[in-house]
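# Observations on the model geometry
Here are the chains, one letter per residue:
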Amino acid sequence: MDNSKAITVENFNVLFNGDRTKHLHVLENISFDVKNSSFVSIIGPSGCGKSTLFRLISGLPTKDSCEIGGKIRIYGRKPETASKNRDLGLILQKPTLLEWRTVAENIELPLEIMGYQKEKRGKIVTKLLNSMDLTPYSHYRPSELSGGMQQKVSIGRALAYNPKLLLMDEPFAALDEVNRRRMNNEIINIWKEMNKTILFVTHNIQEAVYLSQKVIVLSKKPSTVYKTVEIDLKYPRNEVEGCSKYFKYIKEIREYLNEASN
Ligand SMILES: Nc1ncnc2c1ncn2[C@@H]1O[C@H](COP(=O)(O)OP(=O)(O)O)[C@@H](O)[C@H]1O
Ligand SMILES: [Mg+2]
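As the structure is a prediction and not an experimental result, all values here were calculated from the model. (Residues numbered from 1 in each chain as written. Chains lettered and ligands numbered in written order. Predicted model: local features only at pLDDT ≥ 70, side-chain atom pairs only at ≥ 80, totals over all residues. Heavy atoms only, no water.)

## Brief notes about the site of ligand 1
As a structural note, the neighbourhood of ligand 1 is formed by 13 residues, with Gly 47, Lys 50, Ser 51, Thr 52 and Lys 221 the closest of them. Calculation on ligand 1 without its partners gives an accessible area of 560 Å², and the protein chains cover 67% of this total. Elements that contribute at least two residues to the shell around ligand 1 include exactly strand S2 (23-35) and helix H1 (50-58). The greatest single-element share of the shell around ligand 1, amounting to three residues, is contributed by H1. A per-class count over the shell around ligand 1 returns five nonpolar, five polar and three charged. (Near = heavy atom within 4 Å. Areas by Shrake-Rupley, 256 points an atom, 1.4 Å probe, with all protein chains shown as cover. Helix = DSSP H or I, 4+ residues; strand = E, 2+ residues; numbered from the N terminus. Nonpolar A, V, L, I, M, F, W, Y, C, P; charged D, E, K, R; others polar.)

Following this line, the structure appears as structure tokens:
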């Protein structure tokens, strides 16, 4: 098994079955890989199939019947197996926290499901709350928190069982600019300090450049990998976001995205 690759996607195709005559070809011959410990973003026009790809990488079932071709591997395993093996943590646009549980209890939930003993659960949750600066909020209910904080708690929940890989589908899209930037910095810290691999889906060019080491630009559907851009900028990115190279990446990706949307 090639441990240097967290994700490999090979010649991946997805067709949704409509009525007899209408098939919607969403993803066409998508191939890319994500190196272990890297931060990669996928960007593309809305409706191009980012969430579909995300669900299939996550091992989540697709809602309707669809035809799938090609191969996805997570650390050499099928997505469903990787998911069962707790290799991956998912963070979606909506935090989906349980309102009747406190912050601490929400983070604890996956550990309960996995059958961890109470004492062990407590230790993990305390440590996570502490390292994410969430301790003062541990007894809050989700509705008492801002959108950004709720998303932070759902990141905490995804981190509870210590997955190697985090998959994020437009997690900060609902946040205002200030909170989005705050969460961008938080996720970079988590990535570095906890040594995670992150695949991040966004339609925001600035966010993709600010976060990533590599940006994959998808075209409109049937969507293919239009370009891949390596972002050769050091972290922390708040120290380089004013530099001309940073703006050059934004401009370059904007051009690709325009071309790929036509
Ligand atoms: N379960 C489904 N059945 C049929 N069509 C679907 C289904 N899920 C998504 N689609 C279609 O596939 C395309 C891509 O959707 P999606 O992956 O959500 O795009 P994105 O996340 O890039 O905005 C859209 O045209 C959408 O209508
Ligand atoms: Mg989507």
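## Some words on the packing of helix H5 (residues 147-159) against helix H6 (residues 177-193)
In contact at an axis separation of 11 Å, H5 and H6 are set at 15° when each is read in the N-to-C sense. Looking at the two axes, H5 sits roughly parallel to H6. Judged by the twist between their axes, the crossing of H5 over H6 is right-handed. Counted together, Gly 148, Lys 152, Ile 155 and Leu 159 of H5 and Met 183, Glu 186, Ile 187 and Ile 190 of H6 form the full contact between these two elements. Residues that form the contact of H5 with H6 fall into these classes: five nonpolar, one polar and two charged. (Axes fitted to C-alpha atoms, helices over the stretch in contact; angles between N-to-C directions. Parallel < 35°, antiparallel > 145°, perpendicular 65-115°, else oblique. Left-handed = near helix turned anticlockwise from the far one by under 90°. Contact = heavy atoms within 4.5 Å.)

## Focus on the sheet that holds strand S4 (residues 66-74)
Taken in spatial order, the three strands make up an open sheet running S2-S1-S4, and their pairing is antiparallel. Only two strands of the sheet have a single partner each, and these edge strands are S2 and S4. Each neighbouring strand pair of the sheet contributes to a mean axis angle of 5°, computed without reference to strand direction. Inspection of the sheet shows strand S1 (residues 5-17) paired to S4 by eight bridges, in the antiparallel sense. (Pairing = 2+ DSSP bridges.)

## Regarding the domain arrangement of the protein
Interface size is commonly expressed as the accessible surface area that is lost when the partners come together. Domain boundaries assigned for the protein yield domain 1 (1-87 + 169-262) and domain 2 (95-162). Look at where the C-alpha atoms of domain 1 and domain 2 centre, and you get two points 26 Å apart. Taken together, the 10 residues of domain 1 in the interface contact 13 residues of domain 2. Each partner contributes to the roughly 1000 Å² buried at the junction of domain 1 and domain 2, and carbon and sulfur atoms together form 69% of this total. Here domain 1 and domain 2 share one salt bridge between them. Between Glu 186 and Lys 152 there is a salt bridge whose closest N-O contact spans 2.9 Å. There are three residue pairs in polar contact (both at pLDDT 80 or more) connecting domain 1 and domain 2. Looking at the side of domain 1 that touches domain 2 residue by residue, the class counts come to seven nonpolar, no polar and three charged. (Domains from an automatic or database assignment. Buried area = accessible area lost by both parts, 1.4 Å probe. Salt bridge = Lys/Arg side-chain N within 4 Å of Asp/Glu carboxyl O. Polar contact = N/O pair within 3.5 Å; in protein donor to acceptor, adjacent residues only side chain to side chain.)

## Some words on helix H8 (residues 244-261)
Its 18 residues give H8 an end-to-end C-alpha distance of 26 Å, which sits within 8% of 26 Å, the value for a rise of 1.5 Å per residue. All of the buried residues along H8 are Tyr 246, Tyr 249, Ile 250, Ile 253, Tyr 256, Leu 257 and Ala 260. Along the axis of H8, the buried positions cluster into a sector of 130°, meaning they face one direction only. H8 presents Ser 244, Lys 248 and Lys 251 as exposed residues on the side facing more than 90 degrees away from its buried surface. In this structure, the buried side of H8 is in contact with strand S3 (39-43), H6, helix H7 (205-211), strand S8 (214-218) and strand S9 (225-230). (Expected span 1.5 Å × (residues − 1). Buried < 20%, exposed > 50% of the residue type's maximum accessible area, 1.4 Å probe, protein only. Arc of directions from axis to C-beta.)

## Re the side chain of Asn 184
Within the secondary structure, Asn 184 is located in helix H6. In this structure Asn 184 touches Phe 172, Glu 207, Tyr 210 and Leu 211, once residues within four positions along its chain are discounted.

## Describing H5
In this model H5 runs 18 Å from its N-terminal to its C-terminal C-alpha over 13 residues, within 8% of the 18 Å that 1.5 Å per residue would give. For H5, a buried count of 11 out of 13 residues is recorded, marking the element as mostly surrounded by other parts of the structure. The set of residues buried in H5 consists of Gly 148, Met 149, Gln 151, Lys 152, Val 153, Ser 154, Ile 155, Gly 156, Arg 157, Ala 158 and Leu 159. Looking at the buried residues of H5, the elements they touch are strand S5 (88-91), helix H3 (103-113), helix H4 (118-131), strand S6 (165-169) and H6.

## Remarks on the environment of Gly 156
Mapped onto the elements, Gly 156 comes out in helix H5. Residue classification places Gly 156 among the buried residues on the basis of a relative accessible area of 0%. Taking the C-alpha atoms as reference, Gly 156 lies 7.6 Å from Leu 129; in sequence the two are 27 residues apart. If we ignore the near neighbours within four places in the chain, the residues touching Gly 156 are Ile 107, Leu 128 and Met 132.

## Some details on the pattern of salt bridges
Applying the stated criterion to the full structure yields nine salt bridges. For Arg 101, the salt bridge identified is with Glu 112, shortest N-O distance 2.9 Å. Of this pair, Arg 101 sits in the loop between S5 and H3 while Glu 112 sits in helix H3, and the two are 11 residues apart along the sequence. A relative accessible area of 14% places Arg 101 in the buried class.

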